[in-house]
Amino acid sequence: MKRCARVIGSGGYLPETIRTNEDISKLVDTSDSWIVERTGIKTRRIAGEDETAASMAEIAARQAIEMASIEAGEIDLIIVATGSPDRVYPSTGCILQHRLEIQQCVAFDVQAACSGSIFAMSIADQYIKTGAADKVLIIGSEICSRLIDWTDRGTCILFGDGAGAVLLESTDEPGILSTHIHSDGGFEDLLYCPNPQVATASAKDEKGVITMKGNEVFKVAVNTLGRIVDETLATNNLDKSDIDWLVPHQANTRIIAATARKLKMSMDQVVLTLENQGNTSSASVLLAFNEAIRDGRIKRDQIVLLEAFGAGFTWGSALIKY
Ligand code: UT7
């Protein structure tokens, strides 16, 4: 029997503090109506002073472990996707492993910006298919609010903090049907976050904040996500109508609506969380997936398409029979 990866648990965490569009309009020249109309975002969560990517990841991870009814010690591999790690090293994965009191498992981070959790899922899928791991914990956890220039209206309206988790297990039944991941480093200048501490002398003065040419990113994102939908359907010999749910990266409602149109899907089949979460980068797809699993929208045996696009550029999808 062919080995496959099946979802056995999920979790999500959002910090308590809510920052509204109204709050942001006191910081920069913007308005609630502009932000809602152009992005779909109304509020986002901001991590508390003592919270980190690892502390938020732990809460999401424990929820997933509980849902799966397993012991943390059964996990073979932890992959944390984050662009806002607690430390340069050790990895947030190792910090999380310690927090979960797991003595023996492999743990590492993946850096693929907003596509991170899809990249992590693809890696986990390969580990499970080859028999290298049986149970894999995937996390996307981000404190975007600390990488934001709160005087830049092009970015500060978009991002939020949070963590999502998924637990995968090996099975003989269909689970993850396929994953598709891509990178093109040629777009570095359109979306990046400098690290001034390790920058060359000429780049030392750059601030360590998210820097984005939003409109240009938008156009590439719409086209690229359209292509990944075609690629995913073709690989699985499926038709658009075979997809029950779209769980997209939550960057902008207009980007998501374009992908839904491409799939000829009603927005009722799209899991949307960005209205009250904003763009939580690598956490966003897993937060949305978790929400729709827990509220019963996504049911066993349904076909779910997860997709994301982010800095790099990186992009990817995962087609899952839940
Ligand atoms: O998650 C990783 C990938 N990231 C994304 O996918 C983000 C993609 N980009 C976007 O979501 C959108 O490009 C933004 C929401 C960032 C911007 O929306 P847009 O419709 O592309 O606006 P724009 O940059 O073309 O700007 C249109 C106008 C400009 O004014 P003028 O030149 O027409 O007078 C901007 O100066 O809107 C102005 N503007 C704003 N006005 C009020 C830009 N930002 C704001 C703002 N409030 N926050």
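Residues numbered from 1 in each chain as written. Predicted model: local features only at pLDDT ≥ 70, side-chain atom pairs only at ≥ 80, totals over all residues. Heavy atoms only, no water.

Student: Explanation requested: the side chain of S317 in the structure shown.
Tutor: Structurally, S317 is set in strand β13 (residues 314-321). In terms of polar contacts, S317 uses its side chain to reach the side chain of T232, at 2.7 Å. If sequence neighbours within four positions are ignored, S317 has contacts with I118, S178, T179, H180, I228, T232, L305, L306 and E307. (Helix = DSSP H or I, 4+ residues; strand = E, 2+ residues; numbered from the N terminus. Polar contact = N/O pair within 3.5 Å; in protein donor to acceptor, adjacent residues only side chain to side chain. Contact = heavy atoms within 4.5 Å.)

Student: Got a minute to help me understand the site of the ligand in this structure?
Tutor: Taken together, 23 residues are adjacent to the ligand, and T30, R38, N215, N252 and N279 come closest. The side chain of R153 places a nitrogen or oxygen atom 2.8 Å from an oxygen atom of the ligand. One of the side-chain N or O atoms of R254 is found 3.0 Å from an oxygen atom in the ligand. For the ligand, the accessible surface in isolation is 950 Å², of which the surrounding protein chains cover 72%. Mapped by element, the contributors of at least two residues to the shell around the ligand are α2 (32-39), α6 (214-235) and α7 (253-262). The element best represented in the shell around the ligand is α6, accounting for 4 residues. Here the residues of the shell around the ligand sort into 11 nonpolar, 8 polar and 4 charged. A domain split of the shell around the ligand shows at least three residues from each of domain 1 (4-173) and domain 2 (177-321). (Near = heavy atom within 4 Å. Areas by Shrake-Rupley, 256 points an atom, 1.4 Å probe, with all protein chains shown as cover. Nonpolar A, V, L, I, M, F, W, Y, C, P; charged D, E, K, R; others polar. Domains from an automatic or database assignment.)

Student: What exactly am I supposed to notice about the pairing of strand β12 (residues 303-310) here?
Tutor: The side chains of a regular strand alternate, first on one face of the sheet and then on the other. In terms of residue burial, β12 counts as a mostly covered element, since 8 of its 8 residues are buried. Burial of β12 is two-sided: the residues I303, L305, E307 and F309 facing one way and the residues V304, L306, A308 and G310 facing the other way are all buried. With 4 bridges joining them, strand β11 (residues 245-248) and β12 adopt parallel strand pairing. Opposite P248, over in β12, you have E307 as the bridge partner. As paired strands, β12 and β13 are joined by 8 bridges and run antiparallel to one another. Paired with I303 across the two strands is K321, which belongs to β13. The hairpin turn running from β12 into β13, its antiparallel successor, is 3 residues long, and G312 in that turn takes a positive phi close to 145°. (Buried < 20%, exposed > 50% of the residue type's maximum accessible area, 1.4 Å probe, protein only. Pairing = 2+ DSSP bridges.)

Student: Looking at this model, I keep getting lost on the domain arrangement of the chain. Mind explaining?
Tutor: One widely used convention gives an interface's size as the accessible area the parts lose upon coming together. Domain parsing of the chain yields domain 1 (4-173) and domain 2 (177-321). Relative placement of domain 1 and domain 2: their C-alpha centres are 14 Å apart. Counting residues at the interface gives 55 residues for domain 1, matched by 46 residues for domain 2. Both sides together, the interface formed by domain 1 and domain 2 hides about 3800 Å², and carbon and sulfur atoms give 61% of it. When residues of domain 1 are sorted by the area they lose upon contact with domain 2, C114, I118 and F119 head the list and together hold 17% of the total. Counting across the interface, domain 1 meets domain 2 through 2 salt bridges. (Buried area = accessible area lost by both parts, 1.4 Å probe. Salt bridge = Lys/Arg side-chain N within 4 Å of Asp/Glu carboxyl O.)

Student: Sorry if this is basic, but what is going on with the side chain of H180 here?
Tutor: As for its position among the elements, H180 is in strand β8 (residues 176-183). Engagement of the side chain of H180 in a polar contact is seen with the side chain of E231, the distance being 3.0 Å. Excluding its chain neighbours within four sequence positions, the residues that come into contact with H180 are I118, I228, E231, T232, T235, N236, W315, G316 and S317.

Student: Which parts of the structure should I look at to understand the sheet that holds strand β1 (residues 4-13)?
Tutor: Working definition: the strands of a sheet are paired by backbone hydrogen bonds and lie parallel or antiparallel to each other. Strand order in the open sheet formed by 5 strands is β1-β7-β6-β4-β5, and the pairing between neighbours is mixed. In this open sheet, the two edge strands, each paired with only one partner strand, are β1 and β5 (106-110). Taken pair by pair, the neighbouring strands of this sheet meet at an average axis angle of 20°, ignoring direction. Here strand β6 (residues 135-143) runs beside strand β7 (residues 161-171); their pairing, made up of 9 bridges, is antiparallel. Across the sheet, the residue bridging to S141 is A163, located in β7. (Axes fitted to C-alpha atoms, helices over the stretch in contact; angles between N-to-C directions.)

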